[in-house]
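Overview (structure and organization)
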Amino acid sequence: MKKLFTIFIAIFLISCGEKEEKNTGDNRPSIIEAMTTPIYSSTSGTEVYTSDYLLDVNQLDSITYGKGILFNEDTRNYNEPLKIEMDSVAPYISHVTLWTEGIRNDIPVFKSTSASIPIYYYGNSANKNVQIKGEFTNWAPVDLQVEGDRLVYNATVPQGKFQYIFVENGKEEKLTGSEPQVISNGMGGFNRVIDNTRTAAPAQLAYGKILDNGFTFTTTGALENIVVLYENQMISASQNGNSYTVELPEKDFTNRNSQTQLVRIYASDANGRTNDLLVPVQDGNVVQDPSQLARSDFHNQVLYFMMVDRFLDGDPSNTKPVPDPEILPKANYMGGDLAGVLAKIKDGYFEELGINTIWLSPITQNPEGAYGLWPEPRTKFSGYHGYWPISNTEIDYRFGDEQLFKEIIEEAHNRDMNVILDYVANHVHEEHPLYKEHPEWATNLYLEDGSLNTERWDDQRLTTWFDTFMPTLDFSKPEVVEKMTDSALYWVTNYELDGFRHDATKHVPEVYWRTLTKKVRSNTDRPIYQIGETYGSYDLIRSYVSTGMLDAQFDFNQYDAAVSAFAKADGDFSNLAETLYKGLEYYGHHHLMGNISGNQDRARFISYASGDVSFEEDAKKAGWTREIGMSDTTAFDRLGMLQAFNMTVPGVPVIYYGDEYGSIGANDPDNRKMMKFKDLSQRELNLKELVQELVELRRNSMSLLYGTTQILSDTNGMFVLERTYFGEKTTVYFNENAILLNVFTKSSNADLMDIKVLNALETDKKIQVKPRNFAIIQTKLKNQHKNNYL
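Residues numbered from 1 in each chain as written. Predicted model: local features only at pLDDT ≥ 70, side-chain atom pairs only at ≥ 80, totals over all residues. Heavy atoms only, no water.

Description of the overall build of the protein
Scanning the protein for helices and strands turns up 15 helices and 46 strands. Here the protein, with 790 residues, has 60% of them falling under the buried criterion. Put simply, of all contacts in the protein between residues at least 6 apart along the chain, 71% involve residues at least 24 apart. (Helix = DSSP H or I, 4+ residues; strand = E, 2+ residues; numbered from the N terminus. Buried < 20%, exposed > 50% of the residue type's maximum accessible area, 1.4 Å probe, protein only. Contact = heavy atoms within 4.5 Å.)

Listed below in structure tokens is the structure:
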């Protein structure tokens, strides 16, 4: 086994030595095909696994480090993590280079922007049973420390504004604290806010013009460091004032799985990291036409998530509800199956909607019996949803079989659509043979104090059971990791699947994700998109997103902010703006995070917007105890606003089945009604048509796929968003306080040839918003060729 020798340098390790200069003109691309996600350094140092980037760590010759990166001299095994630190005066952007047979493989490194901030409790100091919970604790209660006659929590707060609240006696939430700001928690209460935003904004990068062999970009201020990556290799950018020119070197990408290469630009100044830029390239030319993009270009995806049992019954012969009177119809099988999915692919439903990625709920075999209990009305549940596997590779006979699933994938691919599968790794059902044969492979159902280890989502995150009949697997055992990753691998080797949605991501240790991703990349020759499900803090969510683990997770924090902004009629978009910026800061300005319209674990957005489900109530109970109706049809417009937001911000839009027309419902299982394909009302048809237009706009706009993001306004009942990519600009206007509002005046500039208006009334001088309360206006330069300026 090779050993790695490194040298500790007190302040700077300059990575521009003889080896790097010698290989500047090498046309061999990086051996790392997946995009090298940034290393987010922490104030105490960050562990980096070279195996996240290299399938075979024995290929690694040496490692060099960019400006300001410190590395303690040590002899290490390549399979062990390296500890990266950044000097106090280091730039906010740097890099690490992994050298393999003279080929450079570069990884951007981001300096931490977190601050240590004391938060004092100003309540009754005699009460020592006080805790704090917030976004920076993953909403898990944490004890305070005694400091003289006060209680304090020394929080490590990332950049931005973060909510928190005190908890007295283990249950009573209190606002008492030192921060002056309070904000609605979206559920009828309030939280305090701690502010660690920048004192001054860094410079902003913008796309410039397209050249024959590259492109230019501009900056609004002086930069201290720039990292330009062309398919994971650093290239130079020449400077002329506040403009930079990037010339693309010749590279041999003939063996790549994707026809699109990516150029990434990261920069920083004294105030922090700037926004980043992302430029797709094909055959050495900057991509200007979205039709050039393939379904394997992840940024081009629009996902559609269906619960298979509730979508369409295409084969009545396998419609077999569990024959148990203790299961109410809402919680039993309703007949949806793979035959139904195939039928809707063949009749063009998804193509008409513009969808290019279908996400199926789990289809593995689930148990025959009734499990769980809901007290009022009393009912047990079937495994219709698919999340109680008794096999990890066998398809549930109530959904179909192997041949039918292969036909779905083939038909989808023929229509230029991806298929990704929901996969459950965290747990199995108690009837699963794996658990019966190896009960020791599960975590303990009871904790050392005798308490039940169920639904302990935070304090027992990696061991908690979802229910007493669902054993959580113990991934601290290598044999469990091997068994379960092999089972997941089966789905992408036996089928031409295009990706996974991973259930309960945060409850599964990182070793599983690293092992699975390495196996997937070693055994497939196509891009596999992996997106996870994690409810929690930004740090926790991001900890699973890296080159060696997942491509993305669902951005539930942004969804919560969007629900609050669009479902309520208060005209307050400030929290949505803050949350959007926070997501860009955490996940990058061109991230692949999932932006959902809803999901199977939340009440339907439209029912919150109509007021038929209250933010202050138990939405699950509401779905069982009363019939949810439609009291206010303006909720259709509000759902349209949410869909417009998701289709125009960075990330991957995700439509939950039925949200294209406005399916109503409280929480599980009321949010899982059978899909409607006919007898839609006019309001439902109008919303569906709008969603079609939005998806079409999204998939045909380079500015919405790869553009910069700027919020122009979030006050006075207006939220204005602007996305720009070279010669194309898309401006999105959301209006809360008025039905008609002048939002845009046509420019007299003769260079403005094409003004595309969606959902707006156009006059000679101005554009007005329709009652749906938003407009999207896209402008393009006169000539969509090279050397065009914005």
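Next, the rest of the story.
Focus on a nonpolar patch on the surface
A surface patch of nonpolar side chains, amounting to about 260 Å² of accessible area, comprises L175, V182 and F190. In this fold, F190 is placed in strand β18 (residues 190-196). (Patch = residues over 30% accessible without salt bridge, like charges linked within 9 Å, V, L, I, M, F, W, Y side chains within 5 Å. Areas by Shrake-Rupley, 256 points an atom, 1.4 Å probe, with all protein chains shown as cover. Salt bridge = Lys/Arg side-chain N within 4 Å of Asp/Glu carboxyl O.)

As for helix α6 (residues 478-493)
Residue pairs spaced three or four apart in an α-helix point in one direction, given the helix's 3.6 residues per turn. The end-to-end C-alpha separation of α6 is 22 Å, in line with the 22 Å expected for 16 residues at 1.5 Å each. Within the sequence span of α6, burial applies to V480, V481, M484, T485, S487, A488, L489, W491 and V492. Its buried side turned inward, α6 meets α4 (402-414), β33 (418-423), β34 (499-502) and α7 (510-523). (Expected span 1.5 Å × (residues − 1).)

What to know about empty space enclosed by the protein
Scanning the entire structure with this criterion turns up 6 cavities of 30 Å³ or more. Looking at the largest cavity, its volume works out to about 100 Å³. Taken together, 14 residues line the largest cavity, and the ones lying closest to its centre are F110, R273, T274, D276 and H589. Of all the elements in the fold, those that place two or more residues in the lining of the largest cavity are β25 (261-269) and α10 (574-587). (1 Å grid on protein atoms, 1.4 Å probe; cavity = no way out; pocket = protein on both sides within 12 Å on 5 of 7 lines; lining within 4 Å. Points joined across faces, edges and corners; volume = space filled by probe spheres on them.)

As for the pattern of salt bridges
As enumerated under the stated definition, the model contains 40 salt bridges in all. One salt bridge connects R514 with E510, and the closest N-O pair in it is separated by 2.9 Å. Taken together, the positions of R514 and E510, both in helix α7 and 4 residues apart, correspond to about one turn of that helix. By relative accessible area, E510 is classed as partly exposed at 30%. One salt-bridge network, held together by shared partners, links D422, R501, D503 and E533.

Digging into the packing of aromatic side chains
What the rule picks out here adds up to 55 aromatic pairs. Both rings, one in Y371 and one in W388, keep their centres 6.1 Å apart while their planes meet at 85 degrees; by these two values the pair is edge-to-face. Of this pair, Y371 sits in strand β31 (residues 371-374) while W388 sits in the loop between β32 (379-381) and α4, and the two are 17 residues apart along the sequence. A single burial state applies to Y371 and to W388, both of which are buried. Of the aromatic side chains, those joined through ring pairs into one cluster are F305, W359, Y535, F554, F556, Y656 and Y657. Of note, K111 hangs over the ring of Y92, and the distance from its end group to the ring centre comes to 5.3 Å. Above the face of the Y657 ring, R604 is positioned so that its terminal group lies 5.2 Å from the ring centre. (Phe/Tyr/Trp six-rings, centres within 6.5 Å; stacked < 30°, edge-to-face > 60°. Lys NZ or Arg CZ within 6 Å of the ring centre and 35° of its normal.)

Quick look at unusual backbone geometry
For residues besides glycine, phi is generally negative; the peptide bonds are generally trans as well. P377 follows E376 through a cis peptide bond whose omega is -10 degrees. Among the secondary structure elements, P377 is positioned in the loop between β31 and β32. Residue P669 is bonded to the preceding D668 through a cis peptide linkage, with omega at 0 degrees. As for its position among the elements, P669 is in the loop between β38 (652-656) and α14 (682-699). Of note, E231 is a non-glycine position whose phi angle comes to about 50 degrees, a positive value. With respect to the helices, strands and loops of the structure, E231 is situated in the loop between β21 (225-230) and β22 (234-235).

Brief notes about α4
Compared with the 18 Å implied by 1.5 Å per residue over 13 residues, the 18 Å span of α4 between its first and last C-alpha is a close match. Within α4, the full set of buried residues consists of L404, F405, I408, I409, E411 and A412. Along the long axis of α4, the arc covered by the buried residues comes to 165 degrees, so they all point the same way. Residues of α4 that are exposed and point more than 90 degrees away from the buried face comprise Q403, E410 and N414. Buried residues belonging to α4 abut α2 (338-346), β30 (357-360), β33 and α6. You can read the cap of α4 off the contacts: a side-chain oxygen lies 3.4 Å from the backbone nitrogen of Q403, and it is on D401. Of the residues one or two after α4, D416 is the one with positive phi, at around 60 degrees. (Arc of directions from axis to C-beta. Polar contact = N/O pair within 3.5 Å; in protein donor to acceptor, adjacent residues only side chain to side chain.)

A short note on the confidence of the model for the protein
Chain-level pLDDT for the protein is 89 on average; 89% of the residues reach the 70-or-more range. A low-confidence stretch, residues 782-790 stays under pLDDT 50, and its non-local contacts, those more than four residues away or across chains, total 25 contacts. (pLDDT = per-residue confidence, 0-100.)

Quick word on the sheet that holds strand β14 (residues 150-157)
Across a sheet, paired strands are connected by hydrogen bonds in the backbone, their directions being either parallel or antiparallel. Spatially, β10-β14-β13 is the arrangement adopted by the 3 strands of the open sheet, whose pairing is antiparallel. Pairing within the sheet leaves two strands with one partner each, and these edge strands are β10 (115-121) and β13 (145-147). On average, each strand axis in the sheet is tilted by 45 degrees relative to the strand beside it, whichever way the strands run. Where β10 lies against β14, 7 bridges are found, and the strand directions are antiparallel. Residue pairing across strands places Y120 opposite V152, the latter belonging to β14. (Pairing = 2+ DSSP bridges. Axes fitted to C-alpha atoms, helices over the stretch in contact; angles between N-to-C directions.)

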